[in-house]
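Below are the chains, spelled out letter by letter.
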Amino acid sequence: MRAVHFGAGNIGRGFIGERLARSGYEVCFVDVQAPLVRELRKRGRYSVRLLGEQVETIWVTGVTALDSRTELDQVVEAIAGADLVTTAVGPAVMQAIAPLLAEGIRLRLRRKSSPLNVVACENMLGASSLLKEQVANHLSKEELEGMERTTGFPDAAVDRIVPVQAGTDLLTVSVEPFHEWVMDRSGIKGDIPPIDGVTYVDSLPPYIERKLYTVNTGHAVCAYVGQLLECETVREAITHPRVEAVVTGVLEETGALLVAKHGFDVQTHRNYIAKIITRFANPHLTDPVSRVGRSPIRKLGRADRLVGPALQMIDRGLQPDRLAAGIAAVFFFHAEQDPESVKLQQLFSQKGVTGTLQTVAGIPEDSPLIPLVSRRYHEWEEEVQR
Ligand SMILES: NC(=O)c1ccc[n+]([C@@H]2O[C@H](COP(=O)([O-])OP(=O)(O)OC[C@H]3O[C@@H](n4cnc5c(N)ncnc54)[C@H](O)[C@@H]3O)[C@@H](O)[C@H]2O)c1
Ligand SMILES: O=P(O)(O)OC[C@@H](O)[C@@H](O)[C@H](O)[C@H](O)CO
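Residues numbered from 1 in each chain as written. Chains lettered and ligands numbered in written order. Predicted model: local features only at pLDDT ≥ 70, side-chain atom pairs only at ≥ 80, totals over all residues. Heavy atoms only, no water.

- The chain appears in an unreviewed UniProt entry as Mannitol-1-phosphate 5-dehydrogenase from Desmospora profundinema.
- Per UniProt, the comment on the chain under Catalytic activity (unreviewed entry) is "D-mannitol 1-phosphate + NAD(+) = beta-D-fructose 6-phosphate + NADH + H(+)".
- The annotation that UniProt attaches to the chain under Sequence similarities (unreviewed entry) is "Belongs to the mannitol dehydrogenase family." (UniProt positions renumbered as here; feature names shortened; annotations may be inferred.)

Structure representation (structure tokens):
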């Protein structure tokens, strides 16, 4: 079994590649970082360190790599010969890999190959569906019909915290022991050769929303409020009583939404939240708030982890008070190496709370969310000036 995985970064090596290799797939990573590609190809293996009470080292073997900047033909050939394609490149990068995927699918159609599935393992709602649209833009009408018949793009939710890697070895990746990978069965064409640890469901929205609006909402609020209160890592933030209070308050709010919307059992959801808070507090992980808060404009998107649940709460007559405090904290986020953080600061200095939310999240001026966030912004401002 052969898998092509785009993005040999943290989650790519630390979770997707690890799962696929342990399930018997030969994994070909595709990345744009030449040193990473070179080392993966040369060594053919790397280690994943599970940072729990004890450190457990897993060797991921039978891997290789290609450079999507310089080895285009080989990447297309690898896609044509694959049993599965996965991605973990970041939502904004999917567009860049779409032409290569289209080329690979075109070659498979010409060769009358067996069905293929493409799974985007990105933190967003409907990532594989969006990737499908992006690929479709590069195909003729006839090729598109062929793709519809032969290629599945099942949406998925993936969960494992993989921080920025601080070790000296380029390939070794340290991760938390917890993992969850849920895939929408209805989007699959043909079969996906078994993957250890994947749960198949008939409808993904409850699972991806539960993950995005709990793990990622909580994580983001922890990062933004944490940085505002001078914490550098997620652990430092979640063990700061003020941050912890905001995060748990926010997760109570999104929990009420998720229970009302998807019918989750209240106690089961409380346990899910408690487990996540424990994961954030993992003393063996060093996860900087700058990573977790990265791409703040994306994170303020209308369907993303902050504004998404807040607007849905308002629609259901629920009050996203503490979530509004989390959203307001984003406007204080600074990460000089992060182009979105720099851009958001510029935008915010020109447009303030209302204009920025309208621009980046498309929220109407009369949305009740705007005064809620504005009030919370001024409260944070007073707090930091004290
Ligand atoms: N790190 C986590 O804890 C985690 C967990 C679940 C999901 N995710 C999601 O996975 C995705 C990747 O996150 P990450 O933390 O691994 O980021 P990362 O930056 O460590 O990895 C992304 C990789 O994609 C590569 N890349 C960039 N452009 C490319 C291109 N055109 N072709 C091929 N590769 C390209 C980069 O070089 C990098 O190696 C994101 O959508 C993220 O939300 C991350
Ligand atoms: O990857 P992002 O930028 O969407 O979000 C940052 C973190 O919240 C995220 O990477 C988590 O670590 C991950 O989603 C846990 O499963």
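1. Points about the domain arrangement of the chain
Phase 1 of the analysis: For the chain, the domain assignment lists domain 1 (2-202) and domain 2 (206-385).
Phase 2 of the analysis: For domain 1 versus domain 2, the separation of C-alpha centres amounts to 28 Å.
Phase 3 of the analysis: When the two sides are added together, the surface that domain 1 and domain 2 hide from each other amounts to roughly 1,900 Å², 64% of it contributed by carbon and sulfur.
Phase 4 of the analysis: Looking only at domain 1, the three residues that lose the most surface to domain 2 are N123, L125 and I161, adding up to 31% of its buried area.
Phase 5 of the analysis: Across the domain 1-domain 2 interface, the total number found is two salt bridges.
Phase 6 of the analysis: Notably, a salt bridge pairs E176 with R279, separated by 2.5 Å at the nearest N-O pair.
Phase 7 of the analysis: At the boundary of domain 1 and domain 2, one finds seven residue pairs in polar contact (both at pLDDT 80 or more).
Phase 8 of the analysis: For the side of domain 1 that touches domain 2, the secondary-structure elements that each account for two or more residues are β9 (156-159) and β11 (180-184). (Domains from an automatic or database assignment. Buried area = accessible area lost by both parts, 1.4 Å probe. Salt bridge = Lys/Arg side-chain N within 4 Å of Asp/Glu carboxyl O. Polar contact = N/O pair within 3.5 Å; in protein donor to acceptor, adjacent residues only side chain to side chain. Helix = DSSP H or I, 4+ residues; strand = E, 2+ residues; numbered from the N terminus.)

2. Let's talk about the packing of helix α4 (residues 94-110) against helix α6 (residues 141-150)
Phase 1 of the analysis: Between α4 and α6, the least distance of the axes is 10 Å, while the angle of their chain directions is 80 degrees. The orientation of α4 relative to α6 falls into the category roughly perpendicular. Seen from α4, the contacting residues are I105, R106 and L109; seen from α6, they are E143, G146, M147 and T150. (Axes fitted to C-alpha atoms, helices over the stretch in contact; angles between N-to-C directions. Parallel < 35°, antiparallel > 145°, perpendicular 65-115°, else oblique. Contact = heavy atoms within 4.5 Å.)

3. Quick look at the packing of aromatic side chains
Phase 1 of the analysis: As enumerated under the stated definition, the model contains seven aromatic pairs in all.
Phase 2 of the analysis: Their ring planes at 85 degrees and their centres at 5.1 Å tell us that Y224 and F333 sit as a pair that is edge-to-face. Of this pair, Y224 sits in helix α7 (residues 205-228) while F333 sits in the loop between α14 (321-330) and α15 (339-361), and the two are 109 residues apart along the sequence.
Phase 3 of the analysis: Residue classification places Y224 among the buried positions, given a relative accessible area of 1%.
Phase 4 of the analysis: Measuring from ring centre to ring centre gives 4.6 Å for F331 and F348, while their planes differ by 15 degrees; the resulting arrangement is stacked. Taken together, the residues F331 in the loop between α14 and α15 and F348 in helix α15 connect sequence positions 17 residues apart. (Phe/Tyr/Trp six-rings, centres within 6.5 Å; stacked < 30°, edge-to-face > 60°. Buried < 20%, exposed > 50% of the residue type's maximum accessible area, 1.4 Å probe, protein only.)

4. Section: the UniProt feature "domain: Mannitol dehydrogenase C-terminal" (unreviewed entry) in the chain
Phase 1 of the analysis: Here, UniProt's "domain: Mannitol dehydrogenase C-terminal" (unreviewed entry) annotation points to residues 204-358.
Phase 2 of the analysis: Here residues 204-358 runs as 73% helix and 0% strand, with 29 Å between its end C-alpha atoms.

5. What to know about the site of ligand 1
Phase 1 of the analysis: Lining the immediate surroundings of ligand 1 are 25 residues, of which N10, I11, D31, E122 and V162 lie closest.
Phase 2 of the analysis: With respect to ligand 1, the side chain of N123 contributes an N or O atom lying 3.1 Å from an oxygen atom.
Phase 3 of the analysis: Between an oxygen atom of ligand 1 and a main-chain N or O atom of V162, the distance comes to 2.9 Å.
Phase 4 of the analysis: For ligand 1, the accessible surface in isolation is 820 Å², of which the surrounding protein chains cover 85%.
Phase 5 of the analysis: Of all the secondary-structure elements, those providing two or more residues to the shell around ligand 1 are α1 (10-22) and β2 (26-31).
Phase 6 of the analysis: Along the lines of polarity and charge, the residues of the shell around ligand 1 split into 13 nonpolar, seven polar and five charged. (Near = heavy atom within 4 Å. Areas by Shrake-Rupley, 256 points an atom, 1.4 Å probe, with all protein chains shown as cover. Nonpolar A, V, L, I, M, F, W, Y, C, P; charged D, E, K, R; others polar.)

6. What about the UniProt feature "binding site: NAD(+)" (unreviewed entry) in the chain?
Phase 1 of the analysis: Sites flagged by UniProt as "binding site: NAD(+)" (unreviewed entry) map to A3, V4, H5, F6, G7, A8, G9, N10, I11, G12, R13 and G14.
Phase 2 of the analysis: As for its placement among the helices and strands, V4 is situated in strand β1 (residues 2-6).
Phase 3 of the analysis: On the basis of relative accessible area, V4 is assigned to the buried category, the value being 2%.
Phase 4 of the analysis: In this view, V4 contacts C28, V30, A78, I79, A82, L84, V85 and T86; residues no more than four positions away in its chain are not counted.
Phase 5 of the analysis: Within the secondary structure, I11 is located in helix α1.
Phase 6 of the analysis: Dropping the residues within four chain positions of it, I11 is found in contact with I16, A88, R160 and V162.

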